[in-house]
Amino acid sequence: MSKITTELVHLPSSGLPGAPAPYLSCRVAGPKGAPLLLFLHGFPEAAFVWDALLAHFGDRYRCVAPNLRGYPGSYSPSEVKAYRANVVLGDLIGLIQQQAAIPDTPAAAVIAHDWGGALAWGLAAVAPHSMQRLVILNAPHPGLFLAALRDDPAQQAASSYMNGLRQPDIEGDLAADDFARMWPFFERFGGATWLTPALRAQYREAWSHGLTGPLNYYRASPLHPPTSPTDSIHTLQLPDALLHVNVPTSVVWGEADTALPPSLLDGLAAYVPDLHITRLPHASHWLLHEAPDAVTQAIEAALARPLTALIDAATLSASLACADHDWLVIDCRFNLGDTQAGEAAYQQGHIAGAHYAHLDRDLSGAKTGRNGRHPLPTEADFNQACQRWGIAPSTRVVAYDDAGGIFAARLWWLLRWSGHAQVQVLDGGWQAWQALSGPVDTAIPLRAASAFKATRRADWVRDADTVGAHLGQPDKQVLLDARAPDRFRGENETMDPVGGHIPGAHNRFFQLNLQAPQGCFKPPAQLKAEFTALLGQATLDAGTLVHQCGSGVTACHNLLAMAHAGLPAARLYAGSWSEWCSDPARPVER
């Protein structure tokens, strides 16, 4: 168990004339430089409620649990406007930047309950770059909560206490008689058998510092049950920027919560495409106290789930510096015109500790002349390659190249197809690593061989016969070709003996996924809009999309871009045009 201390963290000034720089009193555990876990408490609690989790995760992470502004020891302005969400989110962004392993890198996860969860939803929506994962404990999504407060009488009744907490000068009433009106918050929303004398003393100490700050969160929020037919909540519209979350999100919900029923989870997937829900039927709003083991296990599972498809160079550098984690970097540089150039470049210098994967030897199978230029490797051959690299079930793999990710995306897809979800592509690749001045060496690393065993998903691939059988049937198959537009049109074909494309295919040149000049992927929202405009939302939702290209390599780049954008998974026709055109009986369109 890690030692927990209290630290005062000073944050950047807001920049407003005369405004003091905020600061937060934080419970912290774990070494500086380790991946950051940020824990956000709710009302009427404080940072100490996370102590058991800080002690548990502090041996692997830098764990930080702030007392939010207005809470004991933290910056506590008196004005209600100082507790508006956009202001408090500035505190959290500054705290992540200050406590991250390397400045301006994301937290490994933000873990939040109640009011902390309300803030975390907003943080993930407006600053997804600030975190790799989001874990929510009994805190409703703002869009769903707004609808329930406005239209559901049962939710209005369950949340009626919110209007009481918004009243001026209620602090004295709540503090009277040893906070007699505070303790029922625990009992009302699920019972308080867990509330030991020691915990009562901790709450009493926190509340004795004042209740105005905690209550100002309710006063500053536009979300509350309507108090009249003309209440502004009836016409309130939250901007899309606050609703859609493109961060892998795990929700842990105590279903016996009488204030926030599990019905508030209905429709959540429409706002959060990468979503996993853990339901605890016998836990209430106070699940952190009632079911600590189940909550810990759910957070462990959330941290082990697949990361976002991409990782930036700064985050990778910080992660590799934490020796307690099982990370493996694989260099996938390759040149289609000179098949030895990539390996030669690797030998001259690569990310320190990286192994090398050769497109032809490791990421492709044997060619017959009729199965394409880069057929998929057999399961046995790919197992051997992964075993040689030392990929274990817990290994987090990062692939990179120097060509915008086209060869790294092939390894990313092969590993995911084989059942290994813990894989990412380095955004910006070798060039981004060099720009960061990340560690480079020429040594060929030694790593113990693993017992890697693929578990392939047959439904992730399509063969030529299946593609041919579904031509002209958009309800069963929509093809997307990743080649350059001129090759798609049958012009300037230099790699295959026949020019053109499979009849009915759409064209999405893989380089459109990247931003010039840095060669990183476009933002998720932009990619999502572009794929949706090309294919239509109905196609994306129907599960009929099949990616292809010249030989099944750059098609993986479009698959990676879709994953980065949070779009539904699609299939790969790996043989692609090079296989399709090898049979003169197959139709060609130009």
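Treat the numbers as computed from the prediction; the structure is a model and nothing was measured.

Rules used throughout
- Residues numbered from 1 in each chain as written.
- Predicted model: local features only at pLDDT ≥ 70, side-chain atom pairs only at ≥ 80, totals over all residues.
- Heavy atoms only, no water.
- 1 Å grid on protein atoms, 1.4 Å probe; cavity = no way out; pocket = protein on both sides within 12 Å on 5 of 7 lines; lining within 4 Å.
- Points joined across faces, edges and corners; volume = space filled by probe spheres on them.
- Helix = DSSP H or I, 4+ residues; strand = E, 2+ residues; numbered from the N terminus.
- Buried < 20%, exposed > 50% of the residue type's maximum accessible area, 1.4 Å probe, protein only.
- Contact = heavy atoms within 4.5 Å.
- Phe/Tyr/Trp six-rings, centres within 6.5 Å; stacked < 30°, edge-to-face > 60°.
- Axes fitted to C-alpha atoms, helices over the stretch in contact; angles between N-to-C directions.
- Parallel < 35°, antiparallel > 145°, perpendicular 65-115°, else oblique.
- Left-handed = near helix turned anticlockwise from the far one by under 90°.
- Nonpolar A, V, L, I, M, F, W, Y, C, P; charged D, E, K, R; others polar.

> For this particular structure, what's the right way to read empty space enclosed by the protein?
The gaps left among the atoms become clear once a water-sized probe is rolled over them. Going through the model one piece at a time under the given rule, you end up with four cavities of 30 Å³ or more. No other element matches the three residues that helix α13 (residues 313-320) contributes to the lining of the largest cavity.

> Teacher, can you tell me more about the environment of A357 here?
In this fold, A357 is placed in the loop between β12 (355-356) and α15 (379-389). The exposure class of A357 is buried, given its relative accessible area of 0%. Separated by 29 residues in the primary sequence, A357 and C386 place their C-alpha atoms 9.7 Å from one another. If we ignore the near neighbours within four places in the chain, the residues touching A357 are I330, D331, C332, D362, L363 and W389.

> Help me understand unusual backbone geometry in this model?
The omega torsion of the bond from F43 to P44 falls at 0 degrees, within 30 degrees of zero and hence cis. A positive phi is found at D114, a non-glycine position, where the angle reads about 55 degrees. Looking at the element boundaries, D114 is found in the loop between β5 (109-113) and α3 (115-126). With phi around 60 degrees, F179 is a residue other than glycine that occupies positive phi space. By the secondary structure assignment, F179 is in helix α7 (residues 171-179). Judged by relative accessible area, F179 falls into the buried class, the value being 10%.

> Is there a simple way to explain the packing of aromatic side chains in this structure?
One pair of aromatic rings is described through two measures. These are the centre distance and the angle between the planes. Per the counting criterion, the structure on display carries 27 aromatic pairs. Centre to centre, the rings of F186 and W207 are 6.3 Å apart; their planes meet at 15 degrees, and the pair counts as stacked. Here F186 is found in helix α8 (residues 184-188), whereas its partner W207 is found in helix α9 (residues 197-207), with 21 residues between them in sequence. Judged by relative accessible area, which is 0%, F186 ranks as buried. Residues W194 and W286 carry aromatic rings whose centres are separated by 6.3 Å and whose planes lie at 45 degrees to one another, so their mutual orientation is tilted. Remark: W286 occurs in the loop between β8 (275-280) and α11 (287-290) and W194 occurs in the loop between α8 and α9; sequence separation between them is 92 residues. Residue class for W286 comes out buried when judged on its relative accessible area of 1%.

> What is the right way to look at the packing of helix α2 (residues 85-99) against α3 in this model?
Helix-helix packing: each pair is described by the crossing angle between the helix axes and the interaxial distance. For the pair α2 and α3, interaxial distance at closest approach is 10 Å and the crossing angle is 70 degrees. Compared by their axis directions, α2 and α3 come out roughly perpendicular. Crossing angle aside, the handedness with which α2 passes α3 is right-handed. Each of V88, L89, L92, I93 and I96 in α2 lies in contact with α3, whose residues at this interface are L119, G122, L123 and V126. Looking at the contact of α2 with α3 residue by residue, the class counts come to eight nonpolar, one polar and no charged.

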